[in-house]
Amino acid sequence: MVRKMVLAGLAIAVCAGLAGASLAQGPSGRLSKGVSGMFNRGGASSGGLLARLNRPLTPTMPGLPTASPLGLIAPRLSNAVLIFQKGGLATPAGRLGAIGVLSPRLSPVFGMVRMPPKTPQAFMKYGLTILSPRAAVLIGMLQGARTTAAKYR
């Protein structure tokens, strides 16, 4: 029971902190913008909560969930946000994101067919995403952290 209370308290604290940051960014008419406004308010560099969580550490190949915290938590939701960040269903990346919402394991297959990987490492990344999307995102985040740390040395 104590664990549940602690978890609930942490969840409320995180939501309150994120809501405060969102409210500090602009007017209070955010609810009138609808669900698509929550997904994409200005792209990956700014915007709603989901767009900020879907900011990739490293660029990902088409059809893969982004190497971001949202991609690690929920690959389908990451692909849903990616649809709006990549320009909607009018773009090939947006359509691959829509396939990723249906199945995060099928969108890498379509991505490989559309644009075959040029390196063995990219081919392995697609294969790992087919096996486990979360593991592929975690490896992408670790690679991004390593390259970011190397930039500052």
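One can find the structure itself at the top, above this paragraph.
First, a word on what this report is: a plain description of the structure on this page.

Each value, and the rule that gives it
- Residues numbered from 1 in each chain as written.
- Predicted model: local features only at pLDDT ≥ 70, side-chain atom pairs only at ≥ 80, totals over all residues.
- Heavy atoms only, no water.
- 1 Å grid on protein atoms, 1.4 Å probe; cavity = no way out; pocket = protein on both sides within 12 Å on 5 of 7 lines; lining within 4 Å.
- Points joined across faces, edges and corners; volume = space filled by probe spheres on them.
- Helix = DSSP H or I, 4+ residues; strand = E, 2+ residues; numbered from the N terminus.
- Nonpolar A, V, L, I, M, F, W, Y, C, P; charged D, E, K, R; others polar.
- Expected span 1.5 Å × (residues − 1).
- Buried < 20%, exposed > 50% of the residue type's maximum accessible area, 1.4 Å probe, protein only.
- Arc of directions from axis to C-beta.
- Contact = heavy atoms within 4.5 Å.
- Axes fitted to C-alpha atoms, helices over the stretch in contact; angles between N-to-C directions.
- Parallel < 35°, antiparallel > 145°, perpendicular 65-115°, else oblique.

**With respect to empty space enclosed by the protein**
Taken as a whole and judged by the stated rule, the model has one cavity of 30 Å³ or more. Looking at the largest cavity, its volume works out to about 50 Å³. T60, L64, P65, A67, K125, T129, A136, V137 and G140 together form the lining of the largest cavity. Of all the elements in the fold, those that place two or more residues in the lining of the largest cavity are α8 (120-131) and α9 (133-151). Among the elements that line the lining of the largest cavity, the one with the most residues is α9, at three residues. Tallied by class, the residues present in the lining of the largest cavity amount to five nonpolar, three polar and one charged.

**Quick notes on α8**
With 12 residues, α8 should reach 16 Å at 1.5 Å per residue; the first-to-last C-alpha distance of 17 Å fits that figure. For α8, the set of buried residues is A122, K125, Y126 and T129. Each buried residue of α8 lies within a common arc of 95 degrees when the element is viewed along its axis, so the set occupies one face. The exposed set on the far side of α8, more than 90 degrees from its buried face, consists of P120, Q121, M124 and L131. As for α8, its buried residues are in contact with α7 (107-114) and α9.

**So, α9**
The end-to-end C-alpha distance of α9, which contains 19 residues, comes to 27 Å, matching closely the 27 Å that a straight helix rising 1.5 Å per residue would cover. For α9, the full list of buried residues reads P133, A136, V137, G140, M141 and G144. Within α9, the buried residues cover an arc of 135 degrees as seen down the axis, which keeps them to one side. For α9, exposure combined with an orientation more than 90 degrees from the buried face picks out L142 and R146. Contacts made by the buried residues of α9 are with α4 (69-73), α5 (75-85) and α8.

**Some words on the packing of α7 against α8**
Close contact between α7 and α8 brings their axes to 8 Å; oriented N to C, the two are set at 155 degrees. With respect to their mutual orientation, α7 and α8 come out roughly antiparallel. Along its contact with α7, which presents P108, V109, G111 and M112, the element α8 presents F123, Y126, T129 and I130. Its residues assigned to classes, the contact of α7 with α8 comprises six nonpolar, two polar and no charged.

**Points about the environment of P104**
Along the chain, P104 turns up in the loop between α6 (92-102) and α7. Taking the C-alpha atoms as reference points, P104 and L131, separated by 27 residues in sequence, lie 9.9 Å from one another. Non-local contacts of P104, meaning those with residues more than four positions away in its chain, are made with P75, R76, N79, T129 and P133.

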